[in-house]
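The primary structure of each chain is shown beneath.
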Amino acid sequence: MDKWRELRGKFFFLLLLTILVLVLVISVKPPSIHGFFPNPHRSINRHLVKISEDSITPLHQTKHMLVSAYMDQRRKSWDVRIIGIFRRDSIQPLHCLFYCEDHVSNTFTPAKILQHSDNFGFPYTTTDVLCEIPKKCRATHVTLVPNKEAVKHTFLPIRNKKTNGDEAQHFDFNFTVCISTLFGDYNNVLQFAQTLEMYRLLGVNRVVIYNTSCGPELDRLLRGYSQEGFVEIVPWPIDHHLKPSHGWSFSEHGGELHYFGQLTTLNECTYRNMERSRYVLLNDIDEIIMPYKHNNLMSLMNELQLQHPKTGVFLIENHIFPKIYFEPSGKFKLPQWNGVPGINILEHIYREEPNRNVYHPHKMIVRPRTVEQISVHEPLQIFGDRFKVPPDLCRMIHTRKPLWKELKLDQLHVDTKLWNFSGKLIPNVDKVLRRTGLLSSEGQI
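Residues numbered from 1 in each chain as written. Predicted model: local features only at pLDDT ≥ 70, side-chain atom pairs only at ≥ 80, totals over all residues. Heavy atoms only, no water.

Caption draft 1: Structural context of the overall build of the protein. What the protein contains, in helices and strands, is seven helices and 23 strands. The contacts in the protein between residues at least 6 apart in sequence include a share of 76% that link residues at least 24 apart. (Helix = DSSP H or I, 4+ residues; strand = E, 2+ residues; numbered from the N terminus. Contact = heavy atoms within 4.5 Å.)

Caption draft 2: Region of the structure containing the environment of T57. When you line up the elements, T57 lands in strand β2 (residues 57-58). Owing to a relative accessible area of 6%, T57 belongs among the buried residues under this scheme. For the pair formed by T57 and F155, sequence separation is 98 residues and the distance between their alpha carbons is 9.3 Å. Excluding residues that lie within four positions of it along the chain, T57 makes contacts with S52, M65, L66, T154 and L156. Side-chain polar atoms of T57 contact the side chain of S52, separated by 2.5 Å. (Buried < 20%, exposed > 50% of the residue type's maximum accessible area, 1.4 Å probe, protein only. Polar contact = N/O pair within 3.5 Å; in protein donor to acceptor, adjacent residues only side chain to side chain.)

Caption draft 3: Expanded view of the packing of aromatic side chains. What the rule picks out here adds up to 10 aromatic pairs. When the ring of Y70 is compared with that of Y271, the centres are 5.9 Å apart and the planes differ by 35 degrees; the resulting orientation is tilted. Linking Y70 in strand β3 (residues 65-71) with Y271 in helix α5 (residues 262-272), this pair joins segments that are 201 residues apart in sequence. Comparing Y70 with Y271, the two get one shared label, buried. (Phe/Tyr/Trp six-rings, centres within 6.5 Å; stacked < 30°, edge-to-face > 60°.)

Caption draft 4: Expanded view of helix α7 (residues 422-435). The terminal C-alpha atoms of α7 lie 19 Å apart, and with 14 residues this matches the ideal 20 Å at 1.5 Å per residue to within 8%. Burial in α7 covers these residues: S422, L425, I426, V429, D430, V432 and L433. Of the surrounding elements, those touching the buried residues of α7 are α2 (189-202) and α3 (216-228). Taken from the residues just after α7, G437 is the one with a positive phi, measuring 80 degrees. (Expected span 1.5 Å × (residues − 1).)

Caption draft 5: Seen up close, the pattern of salt bridges. Applying the stated criterion to the full structure yields 24 salt bridges. We note a salt bridge from D89 to R87, for which the minimum N-O separation is 2.8 Å. For the salt bridge of R351 with D415, the shortest nitrogen-to-oxygen distance reads 3.1 Å. One end of the pair, R351, is in strand β17 (residues 350-351); the other, D415, is in the loop between β23 (413-414) and α7, and 64 residues separate them in sequence. A residue is classified by how much of its surface remains accessible, and R351, at 9% relative accessible area, is buried. Residues participating in the shared-partner salt-bridge network are D72, R74, R75, R81, D128 and E372. (Salt bridge = Lys/Arg side-chain N within 4 Å of Asp/Glu carboxyl O.)

Written out as structure tokens, the structure is:
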């Protein structure tokens, strides 16, 4: 009996030991060879799979750069659109390679490369690359490969769940403004604050800014807006990768890429906001898209959309307010703003009449899900109609140097539309300047 008890004890001990070993093996099972966890909030083994966290990612073995990737199933047979900056004379066949939740796919799908038609003569241009996801792949990341034998890959996260043009879903924002580029240590603080606060009064919920460089005071203002959540800052170190142009024309301004990558950032911002914003405004920081018969942008767009239900791009005419002419009474030359760098847009009420006999630029309000490719002043590819909004309904207030230098003051129109908002605009600007330390109680920086 004692021998039987001893044997039974050894059996249970061995059984227990076997179970413990199995549990230990399962619990310390090494990750897959690519080391990526499908939950994006969990850590990634970056020794095995490299995930880009940058806004500009050089593509190995090419002269190209990748910016971002988005689900886009609006065109048959294609699932993902990668936005990039490609050298036009070095286009080569590429393949799409996907990360499928917990492993790298062993299927390379052919890439369709679509250069944007607007390049203004520069060697580098905005380029879309369309990819098809392999079957049985729950894709979370993607990259492009020029050579199937290459082993060094940097993957981009795939953003947006779907982009199919359906606008029945809930949007986080009604209006988002995309400011394409800040560069050259731009430090026009007062006009910047006035413009953002004016947009807030008009109903804008978010402003996205691609920042290459700005001045110290503007940097303080931007950080304050970012902490508040009104401004989203996207770092844009394009000057670390290329020689960007300070102007729009290659023949006149030189460089490798148009205007610090403005065309790329406008497209990137449009896709960035496809799932979260009903409308996107595409314009520069010295421009305000201003309704003239409505008190806010939503009232304007409700009327326009009712009259033009199939329209996805609304073109807003540019009207220049020369900064060399000042309102004579000085009623808005406020002492508290004397030490703040930048232009006071309330002082500039004289407006040039556009010469419509020559090309006259517009900026845009778009429904982002109707846009495929966009340029600075017009859409390149859209799923819908476009409409030029009459200037008496909405026009752009663009405070800058004069376009027609030969025009005298008596040839300009008086336009005080901004003054309608001055009662709320001025205290709001004071508040944000003071909150970020740019305005003391005495009105000095």
